[in-house]
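What follows is the residue order along each chain.
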Amino acid sequence: SSKHNIPGGCKVAMNGGLFDTKTNNCLGNLISNGKVYQLPKVQNANFGLLKNGSFIVGYLGSDILGTDGDYTNEFAELIAGVGWIVRNGKLYVEQSFEIEEMKTQET
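The present account deals with the structure reproduced in this document.

Cut-offs used in this document
- Residues numbered from 1 in each chain as written.
- Predicted model: local features only at pLDDT ≥ 70, side-chain atom pairs only at ≥ 80, totals over all residues.
- Heavy atoms only, no water.
- Salt bridge = Lys/Arg side-chain N within 4 Å of Asp/Glu carboxyl O.
- Helix = DSSP H or I, 4+ residues; strand = E, 2+ residues; numbered from the N terminus.
- Buried < 20%, exposed > 50% of the residue type's maximum accessible area, 1.4 Å probe, protein only.
- Pairing = 2+ DSSP bridges.
- Axes fitted to C-alpha atoms, helices over the stretch in contact; angles between N-to-C directions.
- Core = buried A, V, L, I, M, F, W, Y, C linked by side-chain atoms within 4.5 Å.
- Contact = heavy atoms within 4.5 Å.

1. Description of the pattern of salt bridges
Next, step 1: Here the structure, examined in full by the defined rule, presents one salt bridge.
Next, step 2: The salt bridge partner of Glu-74 is Lys-51, with a shortest N-O separation of 3.5 Å. Taken together, the positions of Glu-74 in the loop between α1 (62-65) and β5 (75-80) and Lys-51 in the loop between β3 (46-50) and β4 (55-58) put the pair 23 residues apart, joining distant regions of the chain.
Next, step 3: On the accessibility criterion, Glu-74 (48% relative accessible area) is partly exposed.
Next, step 4: Accessibility expressed as a relative area gives 53% for Lys-51, which makes it exposed.

This is the structure:
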């Protein structure tokens, strides 16, 4: 809405790389330097860098991540966060909380 102006022309903002504060285990999708650490198949916003230099932002399904380790895209880096804050230059927090797996949100 017009009451929410996003300064600086921001198109995407994300908080990622979350972890369980009791066990210190990572939460959500995690690929680093091309190595898959975990893909728990929960619905949370992601930010990924592909080996071809492009990037991907959003909710990733099996069409992107594949099944049984057969990935259709080659990720160099991938992290998941909780809450898609800005989408297409507009606030998207309320919509993302309706879509996402909130068990990864502790605080």
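2. With respect to the pairing of β4
Successive residues of a regular strand alternate their side chains across the two faces of the sheet.
Next, step 1: The two faces of β4 differ: Ile-56 and Gly-58 on one face are buried, but Phe-55 and Val-57 on the other face are not.
Next, step 2: Note that β3 and β4 share four bridges and pair antiparallel. Bridge assignment links Gly-48 to a residue of β4, and that residue is Ile-56.
Next, step 3: Following β3, the chain reverses through four residues before pairing antiparallel with β4; Gly-53 in that reversal takes a positive phi of roughly 95 degrees.

3. Observations concerning the sheet that holds strand β2 (residues 35-38)
By definition, the strands of a sheet pair up through backbone hydrogen bonds, in either a parallel or an antiparallel sense.
Next, step 1: As summarised here, the arrangement of the five strands in space is β2-β1-β5-β3-β4, forming an open sheet in which the pairing is antiparallel. Looking along the sheet, the strands with just one partner apiece sit at the ends: β2 and β4. Mean inter-strand twist for the sheet, computed between neighbouring axes without regard to direction, equals 20 degrees.

4. What about the nonpolar core?
Next, step 1: Ile-31, Leu-39, Leu-50, Ile-56, Leu-60, Ile-64, Leu-65, Phe-75 and Leu-78 together form the largest nonpolar core, which totals nine residues.
Next, step 2: When contributions to this core are tallied by element, the ones reaching two or more residues are α1 and β5.
Next, step 3: For Leu-60, the residues in contact, after removing those within four places along its chain, are Asn-46, Leu-65, Phe-75 and Leu-78.

By themselves, these observations are geometric and do not establish any function.
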